[in-house]
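Structural description and commentary
Listed below are the residues making up each chain.
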Amino acid sequence: MKIAFAALFACAATALAPAANAQTPLLTTVKNRGHLVCGVSPGLAGFGLPDAQGQWAGLDVDLCRGIAAAVFDDPMKVKFTPLSSKDRFTALQSGEVDLLSRTSTWTMARDTSLGLSFAGVNYYDGQAFLVKKTLGVDSALKLNGASICLQQGTTTELNVADYFRKNGIKYEPVTFDKGDEAITAFQSGRCDALTDDSSALYALRLKLVNPDEAIVLPEIISKEPLGPVVRSSDMPWFNLVKWVHFAMLNAEELGVTQANVEQQKSSTNPEIRRLLGVEGKFGEAIGLTPDWAYRIVKHVGNYGEAFERNVGAGSVLKIARGKNDLWTKGGLQYAPPIR
């Protein structure tokens, strides 16, 4: 009887073994493939937009390049896959992309029902409204009865419904699949206002024939914590993506930049030495070399540098740091320590 049970147990274990080992860790897959596949916006200035030569740039793009730098010591080993708001989560769930870095709002429903996990917040945003100055409106509360252009498959739809319902005013939604379609409709007069994340509105406004003819109204009607998303089934990959973002924040807080990262390797500050891999073996915990964070700063820069060149003072958007400043400067960006 014992022999029969042992044989049965051995058969069951053999049958279960392939299932347990069927899923190759994503980091291994990425390394074997030789590049990262990153889902990004189809084209949003400041966050994800290709230039005339097809080179992608943006705050979300830089996070992907930071991951490639940490893994391959080469920020160019990334394939960017443009995804619409409607298709982005399905593409991630199906394995079409390794992660989503595409101005995606972290919400409870998305975090608990899609089999996906948000690996941090790389931009704190809020929804607003864009109107033409000729409309003569200086507040969203004066949009009673207005037609509103917005994108389908986003938190935008629910936020607008909540805002107008809460304030007892009416509106007519005019929905589109893509941001470019919405801004074109707004330009042609198909709607009175365009709503989206505030940062997106500043980017979309630049696509108008005369950007100065439109203004972003002062009301921020929602919380939009935007960040990278990964599949929940691979915790090591989740940790890697999360800590690339944290490394960029810690580098800024410690004053480590692209320009001085080589010199900082000889710093006596223990926090900087741990960050750059001079002391400790923290890279091992996420499957990387000890100098993983040094690679990120060397090739991409710290978070502040990425912010300034893509959406801040050094960009066409010129958005103030505001909530996205470091916690030491009154902002919300805060990273756990590397130790």
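Residues numbered from 1 in each chain as written. Predicted model: local features only at pLDDT ≥ 70, side-chain atom pairs only at ≥ 80, totals over all residues. Heavy atoms only, no water.

Here we take up the sheet that holds strand 10 (residues 171-176). Overall, mixed pairing links the five strands, which are arranged 10-9-11-8-12 in an open sheet. Looking along the sheet, the strands with just one partner apiece sit at the ends: strand 10 and strand 12 (214-216). Averaged over all pairs of adjacent strands, the angle between their axes in this sheet comes to 30 degrees, without regard to strand direction. Pairing analysis gives five bridges linking strand 8 (residues 127-132) to strand 11 (residues 193-197), with the strands arranged antiparallel. Bridge assignment links Phe-129 to a residue of strand 11, and that residue is Thr-195. Contacts from helix 6 (residues 155-166) reach strand 8, strand 9 (146-151), strand 10 and strand 11, with the element oriented near 80 degrees to strand 8. (Pairing = 2+ DSSP bridges. Helix = DSSP H or I, 4+ residues; strand = E, 2+ residues; numbered from the N terminus. Axes fitted to C-alpha atoms, helices over the stretch in contact; angles between N-to-C directions. Contact = heavy atoms within 4.5 Å.)

Extensive coverage of strand 9 is indicated by the burial of six of its six residues. Of the two faces of strand 9, the one lined by Ala-146, Ile-148 and Leu-150 and the one lined by Ser-147, Cys-149 and Gln-151 are each fully buried. Bridge count for strand 9 against strand 10 is six bridges, and the pairing is parallel. Bridge assignment links Cys-149 to a residue of strand 10, and that residue is Val-174. Crossover handedness for the path strand 9 to helix 6 to strand 10: right-handed. Examined bridge by bridge, strand 9 and strand 11 share two bridges and lie parallel to one another. Counted as the bridge partner of Cys-149 is Leu-194 from strand 11. (Buried < 20%, exposed > 50% of the residue type's maximum accessible area, 1.4 Å probe, protein only. Right-handed = clockwise from strand over helix to strand, strands pointing away.)

Mapped onto the fold, Glu-279 is located in the loop between helix 11 (270-275) and helix 12 (292-299). It is 9.8 Å that separates the C-alpha atoms of Glu-279 and Arg-339, two residues lying 60 residues apart in sequence. The residues contacting Glu-279, other than those within four sequence positions of it, are Arg-273 and Arg-274. Within the structure, Glu-279 has its side chain in polar contact with the side chain of Arg-273 (distance 2.7 Å). (Polar contact = N/O pair within 3.5 Å; in protein donor to acceptor, adjacent residues only side chain to side chain.)

Right, let's get into the confidence of the model for the protein chain. Mean pLDDT over the protein chain stands at 92; residues scoring 70 or higher make up 94%. Considering only residues more than four positions removed or in separate chains, one finds that residues 1-22, a stretch of pLDDT under 50, has zero contacts. (pLDDT = per-residue confidence, 0-100.)

Position of Thr-103 relative to the elements: it lies in the loop between strand 5 (99-100) and helix 5 (108-113). Counting along the chain gives 94 residues from Thr-103 to Asp-197, while the straight-line C-alpha distance between them is 8.9 Å. Apart from residues lying up to four places away in sequence, Thr-103 is in contact with Leu-44, Phe-47, Asp-60, Arg-88 and Leu-226.

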